[in-house]
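Tertiary structure, described
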There are 2 protein chains.
Amino acid sequence: MAAFTLSVAAGARALSSAARDAAWKLGRLNHVAIAVPEMEKARSFYREVLGGRVSEAVPLAEHGVSTSFVELGNAKLELLEPLGPDSPILGFLRSRGLGGIHHICIEVERLPAAVQQLRAHRVRTLSPGPQIGAHGKPVIFLHPKDCGGVLVELEEA
Amino acid sequence: MAAFTLSVAAGARALSSAARDAAWKLGRLNHVAIAVPEMEKARSFYREVLGGRVSEAVPLAEHGVSTSFVELGNAKLELLEPLGPDSPILGFLRSRGLGGIHHICIEVERLPAAVQQLRAHRVRTLSPGPQIGAHGKPVIFLHPKDCGGVLVELEEA
């Protein structure tokens, strides 16, 4: 009986994998976001000390952050500085004075299908549905408690 | 006089940039390392729930970790599980029960020159010099307090 249960479970897993393959697809690592208390100090570090290509900082009032990108060729670091009193990264920075790695962003094909299937796996999202992110594409954040302590942003590829 | 000082400082910066360009070069994002308390649970999450390509876990006793990679095409996630009582990630995991993003690894051309120049910028390293890392290449970790709270691994490209 145990063997039968196991084989049914394995079948369900295989089916679930096949269904997922059809419904959505995990893609490239888009960026690693780094929360910084002082944008110009951080930009200077990545540009002058590490020798990276660093974009101008852009204030995004509707997201409560200023952003600047360090272009590493295959992927980017996204520097995030709090903007305004309701910035979503203020709590993170209060707990880590210096700053730190805030989240990773992975591209997916067919984001709405991904969200639906992730919810079936009991992975919660931080908003009811995808929203337009800092890069003008639909994004959603997965709850870090459901992702091994990692804040994962999914972005429509 | 202030203008003269400024222009000398700008000249020194330009020279420093040029010297750095000649001496070493920042490269691609190699991986983002994620500390996990239970490797098989983490591998299952990235494979079954997120649909990633996840390699077998490999114990690396000399580094005090087991590693498994999630291949995202342009870059990798490196899952790190503590191995042995002296594992270097035990402290990190004690402070974050669930796990979390541990470090980023960026490739560089001419790692010894990079280390020399970073030290001139007062960026400390966690070891006296490069060591052979988990992938068989020379690596060095930069002190997170000198990198805005981010643990940065540099790997010879």
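Below you will find a few notes about this structure. (Residues numbered from 1 in each chain as written. Chains lettered and ligands numbered in written order. Predicted model: local features only at pLDDT ≥ 70, side-chain atom pairs only at ≥ 80, totals over all residues. Heavy atoms only, no water.)

Re the relation of the copies chain B and chain A
Taken as rigid bodies, chain B and chain A are interconverted by a rotation of 180° and an axial shift of 0.0 Å, the fit giving an RMSD of 0.0 Å. With respect to symmetry, the two chain copies, as superposed, fit the operation of a two-fold axis. Closest to the rotation axis within chain B is the C-alpha of N74 of chain B, separated from it by 2.9 Å. (Least-squares fit on C-alpha atoms with pLDDT ≥ 70 in both.)

A word on the packing of aromatic side chains
All names here are of chain A. If you walk through the whole model with that rule in mind, you get two aromatic pairs over all chains. For the ring pair F45 and Y46, a centre distance of 5.1 Å and an interplane angle of 85° mean the geometry is edge-to-face. No difference in accessibility class separates F45 from Y46, as the two residues are buried. Positioned over the ring face of F69 is K76, at 6.0 Å from the centre of the ring. (Phe/Tyr/Trp six-rings, centres within 6.5 Å; stacked < 30°, edge-to-face > 60°. Buried < 20%, exposed > 50% of the residue type's maximum accessible area, 1.4 Å probe, protein only. Lys NZ or Arg CZ within 6 Å of the ring centre and 35° of its normal.)

A look at the environment of L72 of chain B
Counting through the fold element by element, L72 of chain B comes out in the loop between β4 (65–71) and β5 (76–82). L72 of chain B gets classed as buried once you look at its relative accessible area, which sits at 6%. Sequence spacing of L72 of chain B and R53 of chain B is 19 residues, and the spatial spacing of their C-alpha atoms is 7.5 Å. Apart from residues lying up to four places away in sequence, L72 of chain B is in contact with L26, G27, R28, L29 and I106 of chain A together with L77 of chain B. (Helix = DSSP H or I, 4+ residues; strand = E, 2+ residues; numbered from the N terminus. Contact = heavy atoms within 4.5 Å.)

Remarks on the interface of chain B and chain A
A common measure of how large an interface is: the accessible area buried when the components associate. Taken together, the contact pairs 41 residues of chain B with 41 residues of chain A. For the pair chain B and chain A, the summed buried surface comes to about 3400 Å²; carbon and sulfur atoms form 69% of the total. Contact with chain A buries area across many residues of chain B, yet L50, N74 and I101 of chain B alone supply 18% of it, more than any other trio. At the junction of chain B and chain A, the tally comes to zero salt bridges. At the surface where chain B touches chain A, the tally comes to three residue pairs in polar contact (both at pLDDT 80 or more). For the side of chain B that touches chain A, the secondary structure elements donating two or more residues are α1 (2–23), β1 (25–35), α2 (39–49) and β6 (100–109) of chain B. For the side of chain B that touches chain A, the leading source of residues is β1 of chain B, giving six residues. Of the residues contributing to the side of chain B that touches chain A, the split by class is 22 nonpolar, eleven polar and eight charged. (Buried area = accessible area lost by both parts, 1.4 Å probe. Salt bridge = Lys/Arg side-chain N within 4 Å of Asp/Glu carboxyl O. Polar contact = N/O pair within 3.5 Å; in protein donor to acceptor, adjacent residues only side chain to side chain. Nonpolar A, V, L, I, M, F, W, Y, C, P; charged D, E, K, R; others polar.)

Re the pairing of strand β8 (residues 138–142) of chain A
Residues and elements named next belong to chain A. The sheet contact formed by strand β7 (residues 131–132) and β8 spans two bridges and is antiparallel. Looking at β8, one finds that Q131 is bridged to V139. Turn length for the β7-β8 hairpin, with the two strands adjacent in sequence and antiparallel, is five residues, and the turn residue G136 shows positive phi of about 80°. (Pairing = 2+ DSSP bridges.)

Considerations on the side chain of Q117 of chain B
If you trace the backbone, Q117 of chain B turns up in helix α4 (residues 111–120). A distance of 2.8 Å separates the side chain of Q117 of chain B from the side chain of W24 of chain B, its partner in a polar contact.

Considering α4 of chain B
Taken together, the buried positions of α4 of chain B are L111, A113, A114, V115, Q117 and L118 of chain B. Looking one or two residues past α4 of chain B, R122 of chain B carries a phi angle of roughly 65°, positive in sign.

That is the geometry; function is a separate question.
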